[in-house]
Amino acid sequence: MTTIFTAISDEFLADLTAITELISIAQAPGNSARSRIASVNSSTLLLAARFEEFIRELGRQFARETVSRCGQPSQIPRKLTATAWKRTLEGLARAKIDTGGTPEPTELISRQARSSFEAVCSFLEGDTTQDIYESLIHNDNNMRPAQLNAVFSICDLKDVCLKTSARPDLSSYFEEDDPGKVHGLLLVRLNDFMEKRNDIAHSLNPGSSSVPDNVLDDVSFFKALALSLAETLPEHLPQATG
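What counts, and where the lines are drawn
Residues numbered from 1 in each chain as written. Predicted model: local features only at pLDDT ≥ 70, side-chain atom pairs only at ≥ 80, totals over all residues. Heavy atoms only, no water. Helix = DSSP H or I, 4+ residues; strand = E, 2+ residues; numbered from the N terminus. Buried < 20%, exposed > 50% of the residue type's maximum accessible area, 1.4 Å probe, protein only. Contact = heavy atoms within 4.5 Å. Areas by Shrake-Rupley, 256 points an atom, 1.4 Å probe, with all protein chains shown as cover. Expected span 1.5 Å × (residues − 1). Polar contact = N/O pair within 3.5 Å; in protein donor to acceptor, adjacent residues only side chain to side chain. pLDDT = per-residue confidence, 0-100. Disulfide = S-S within 2.5 Å. Salt bridge = Lys/Arg side-chain N within 4 Å of Asp/Glu carboxyl O. Phe/Tyr/Trp six-rings, centres within 6.5 Å; stacked < 30°, edge-to-face > 60°.

Moving on: the overall build of the chain. Scanning the chain from terminus to terminus reveals 10 helices and zero strands. When its helices and strands are written in sequence order, the chain yields α-α-α-α-α-α-α-α-α-α. Taking the principal axes of the C-alpha coordinates as reference, the chain spans close to 60 × 55 × 25 Å. The 242 residues of the chain split such that 39% are buried. Put simply, of all contacts in the chain between residues at least 6 apart along the chain, 76% involve residues at least 24 apart. Surface summary for the chain: the accessible area is close to 12,800 Å², and the carbon and sulfur share equals 52%.

See below:
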């Protein structure tokens, strides 16, 4: 069944295909070793960044769907409301208006701040049509399993990594039928990828790199995870109430 989560996943899968094509082009005969290494490293960083945005997109949509299914504002998960308030205020505090190098006029910053603040206030007052989702879903660190789980726990969905591990795409990728074992493999695989991402991002040594096959395997892993999440999330939305 096609859902909004499937559509978000399809966009992510299209980007995975583009990353695969980028690697193939850079690895063509005649390119220097440095350019091949650079293509692998840049592809890994791009993959990490796109995956994190993909999870945030899923999280925002899951929050929207959750709110839309709540018949009364009092039925909205309390953590969602509290997080919307907290993250909005944090976003306002980060606005830079006193450095002398502000890229935007202070009038524009003020209008945007007022709009964000009024939106979250109206949301807290019961106007669930307000768009408070951009600031709601945020990750402070790499999208490791704990961060991924935290994105959806805002909507009272606990341990989405565990729930996703029962899906056939992840089972097929890990060649393991036991969901508990798939869960353990998922945690290790995602943590290992983020460690590799950080090693590349923080290293000045051009020799610090994966090989193309490693990146292609990363792409296969994220494809399986994306498809599994797209199937899992709709099943854990609250029942719509009138």
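Now, onward.
What follows concerns helix α9 (residues 179-202). With 24 residues, α9 extends 34 Å between its outermost C-alpha atoms, agreeing within 8% with the 34 Å of an ideal straight helix rising 1.5 Å per residue. Where α9 is concerned, the buried positions are V182, H183, L186, R189, L190, F193, M194, K196, N198 and I200. Those residues of α9 hidden inside the fold are in contact with α2 (33-68), α6 (145-153), α7 (160-164), α8 (168-174) and α10 (212-235). At the N-terminal end of α9, a side-chain oxygen is found 2.8 Å from the backbone nitrogen of G180, two or three residues along, and the residue is D178.

Take the confidence of the model for the chain next. For any part of a model where pLDDT is low, the fine detail of the predicted coordinates should not be relied upon. Residues with a pLDDT of 70 or more make up 92% of the chain, whose mean pLDDT is 90. Ranking the elements of the chain by mean pLDDT puts helix α4 (residues 106-124) last with 91 and α7 first with 98.

With respect to the secondary-structure elements, L162 resides in helix α7. By relative accessible area, which is 42% here, L162 ends up partly exposed. For the pair formed by L162 and A230, sequence separation is 68 residues and the distance between their alpha carbons is 14 Å.

Before going further, it helps to spend a moment on the state of the cysteines. Summed over all chains, the structure comprises zero disulfides. Between C155, a free cysteine, and C70, which holds the nearest cysteine sulfur, the sulfur-to-sulfur gap is 9.0 Å.

A few words now on the pattern of salt bridges. Under the criterion given, the structure shown has 11 salt bridges. The salt bridge involving E195 is made with R144; its shortest N-O contact spans 2.9 Å. Of this pair, E195 sits in helix α9 while R144 is found in the loop between α5 (133-136) and α6, placing the two residues 51 residues apart along the sequence. Its salt-bridge partner being R189, residue D218 comes within 2.7 Å of it at the nearest N-O pair. Note that D218 is positioned in helix α10 and R189 in helix α9, a separation of 29 residues in sequence. On the basis of relative accessibility, which here comes to 14%, the residue R189 falls in the buried class. Taken together, the salt bridges that share partners define one network made up of E53, R56, R60 and E134.

Let us now look at unusual backbone geometry. One non-glycine residue, D159, lies in positive phi territory at about 50°. Within the element layout of this structure, D159 appears in the loop between α6 and α7. Despite not being glycine, E175 has its phi angle at roughly 55°, a positive value. Mapping E175 onto the fold places it in the loop between α8 and α9. Residue E175 is classed as exposed on the basis of its relative accessible area, which comes to 71%.

Time to look at the packing of aromatic side chains. Working definition: an aromatic ring pair is given by the centre-to-centre distance plus the angle between the planes. The full count for this structure, using the stated rule, is 11 aromatic pairs. Consider the rings of Y173 and F174, whose centres lie 4.9 Å apart with planes at 80°: the pair is edge-to-face. With a centroid separation of 5.7 Å and an interplanar angle of 50°, the aromatic rings of Y173 and F221 are classed as tilted. With Y173 in helix α8 and F221 in helix α10, this pair connects stretches of sequence that are 48 residues apart. A residue is classified by how much of its surface remains accessible, and F221, at 0% relative accessible area, is buried. Ring pairing ties together the aromatic residues F12, F51, F54, Y173, F174, F193, F221 and F222, which thus form one cluster.

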